[in-house]
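# Observations on the three-dimensional arrangement
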Amino acid sequence: MLCAALAPARPRKLELYAGMLAALLFFGFLYTDERALNDFEDAWKRAVATLPPGQRVVSAFSDPG
C-alpha cells in the first residue's frame, strides 16, 4: 500500500542516487555471499564425488536456520 501511495512521487536527484547506491551495495553484498556459498557447495560436491559408492558422509557444518 505504501509503494502504491509513493509511486506518483518524483524523487530529487540526491534521493535517486542514494537509492541507487543502496541497491548497488545490497546486491553487491548478496552476490558476494552467494558466491561464497556456491564455492563451498562446489568443494563439498568434489569431495563427495571421490568417495566410493555407498560411503556415508557426516558434515560438521550446521545451519541453525
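Conventions and cut-offs
Residues numbered from 1 in each chain as written. Predicted model: local features only at pLDDT ≥ 70, side-chain atom pairs only at ≥ 80, totals over all residues. Heavy atoms only, no water. Helix = DSSP H or I, 4+ residues; strand = E, 2+ residues; numbered from the N terminus. Rg over C-alpha atoms; globule rule 2.2 N^0.38 Å. Buried < 20%, exposed > 50% of the residue type's maximum accessible area, 1.4 Å probe, protein only. Areas by Shrake-Rupley, 256 points an atom, 1.4 Å probe, with all protein chains shown as cover. Lys, Arg positive; Asp, Glu negative; His and termini not counted. Charge placed at Lys NZ, Arg CZ, Asp CG, Glu CD. Phe/Tyr/Trp six-rings, centres within 6.5 Å; stacked < 30°, edge-to-face > 60°. Salt bridge = Lys/Arg side-chain N within 4 Å of Asp/Glu carboxyl O. Patch = residues over 30% accessible without salt bridge, like charges linked within 9 Å, V, L, I, M, F, W, Y side chains within 5 Å.

### Examining the overall build of the chain
Of the regular secondary structure elements, the chain holds two helices and zero strands. A compact globule built from 65 residues would reach a C-alpha radius of gyration of about 11 Å, whereas the chain, at 22 Å, exceeds it by more than 25%. Projected onto its principal axes, the C-alpha positions of the chain cover 60 × 25 × 20 Å. Split into buried and exposed, the 65 residues of the chain put 0% on the buried side. Carbon and sulfur atoms make up 66% of the accessible area of the chain, which amounts to about 6,500 Å² in all. Taken as two groups, the 7 positive and 7 negative side-chain charges of the chain have centres that lie 7 Å from each other.

### Describing the packing of aromatic side chains
Counted by the stated rule, this structure contains one aromatic pair. Measuring from ring centre to ring centre gives 5.0 Å for Phe26 and Phe27, while their planes differ by 80°; the resulting arrangement is edge-to-face. Of the residues examined, Phe27 reaches a relative accessible area of 51% and is grouped as exposed.

### Remarks on the pattern of salt bridges
Tallied over the entire structure, the rule returns two salt bridges. In this structure, the salt-bridge partner of Glu15 is Arg12, at a minimum N-O distance of 3.5 Å. On the basis of relative accessibility, which here comes to 42%, the residue Glu15 falls in the partly exposed class. Notably, a salt bridge pairs Glu41 with Lys45, separated by 3.4 Å at the nearest N-O pair. Placement of both Glu41 and Lys45 in helix H2 (residues 13–49) is noted, with a separation of four residues, approximately one turn of the helix. Of the residues examined, Glu41 reaches a relative accessible area of 38% and is grouped as partly exposed.

### Things to note about a nonpolar patch on the surface
A surface patch of nonpolar side chains, amounting to about 520 Å² of accessible area, comprises Phe40, Trp44, Val48, Leu51, Val57 and Phe61. Position of Trp44 among the secondary structure elements: in helix H2.

### Remarks on the environment of Leu21
Its place among the elements puts Leu21 in helix H2. For the pair Leu21 and Ser59, spaced 38 residues apart in sequence, the C-alpha to C-alpha distance is 39 Å.

Remember that the coordinates give geometry; whether it matters functionally is a separate question.
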